[in-house]
Amino acid sequence: MIRIHVLQHSTLYPRIKIFMNNNKGPLAHKPDYLVCACMGVMHSEICDSIKMGARDINTLSQELMVGLGCSSCIQEIQKILDNMRDS
Ligand code: FES
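Calculation rules
Residues numbered from 1 in each chain as written. Predicted model: local features only at pLDDT ≥ 70, side-chain atom pairs only at ≥ 80, totals over all residues. Helix = DSSP H or I, 4+ residues; strand = E, 2+ residues; numbered from the N terminus. Buried ≥ 20, exposed ≤ 12 C-beta atoms within 10 Å, placed from the backbone. Contact = placed C-beta atoms within 7 Å. Core = buried A, V, L, I, M, F, W, Y, C linked by C-beta atoms within 7 Å.

### Quick look at the overall build of the chain
A tally of regular secondary structure across the chain gives four helices and two strands. Ordered by position in the sequence, the α and β elements of the chain form the string α-β-β-α-α-α. Relative to its 87 residues, the chain shows a buried fraction of 18%. Considering only contacts in the chain between residues 6 or more positions apart, those separated by 24 or more positions represent 46%.

Now the structure itself:
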């Protein structure tokens, strides 16, 4: 139950960001979603890090702290890496 308490705080910020992306800004026309709920990291943030040179999950974890909680997002992060590598 303590873990849920911690997650409640980390998930507030991404919800605000989703709301902002739906209204205006350069991401307004692009779908965005929460990939790492534990650390509140959005798909667009992971893509930005990959574009800036992150090539593996360890680097993304160091930069964004993705995957450092429950680790359930690791498979999705790997898919994003693979998709961006192929495109
Ligand atoms: S969703 Fe738990 S570490 Fe990413």
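Still more ground to cover, so stick around.
### Describing the nonpolar core
Counting 12 residues, the largest nonpolar core is built from Val35, Cys36, Met39, Val41, Met42, Ile46, Ala54, Leu60, Leu64, Val66, Cys73 and Ile77. Elements with a contribution of two residues or more to this core: strand S1 (34–36), strand S2 (41–42) and helix H3 (57–64). Those residues within four positions of Val66 in sequence are excluded, and the remaining contacts are Val35, Cys36, Met39, Val41, Ile46, Leu60, Ser61, Cys73 and Ile77.

### Thoughts on the environment of Asp32
Secondary-structure assignment places Asp32 in the loop between helix H1 (2–21) and S1. A tally of 18 C-beta atoms within 10 Å means that Asp32 is categorised as partly exposed. Separated by 11 residues in sequence, Asp32 and His43 place their C-alpha atoms 5.9 Å apart.

Fair warning: the whole summary comes from geometry, so function is off the table for now.
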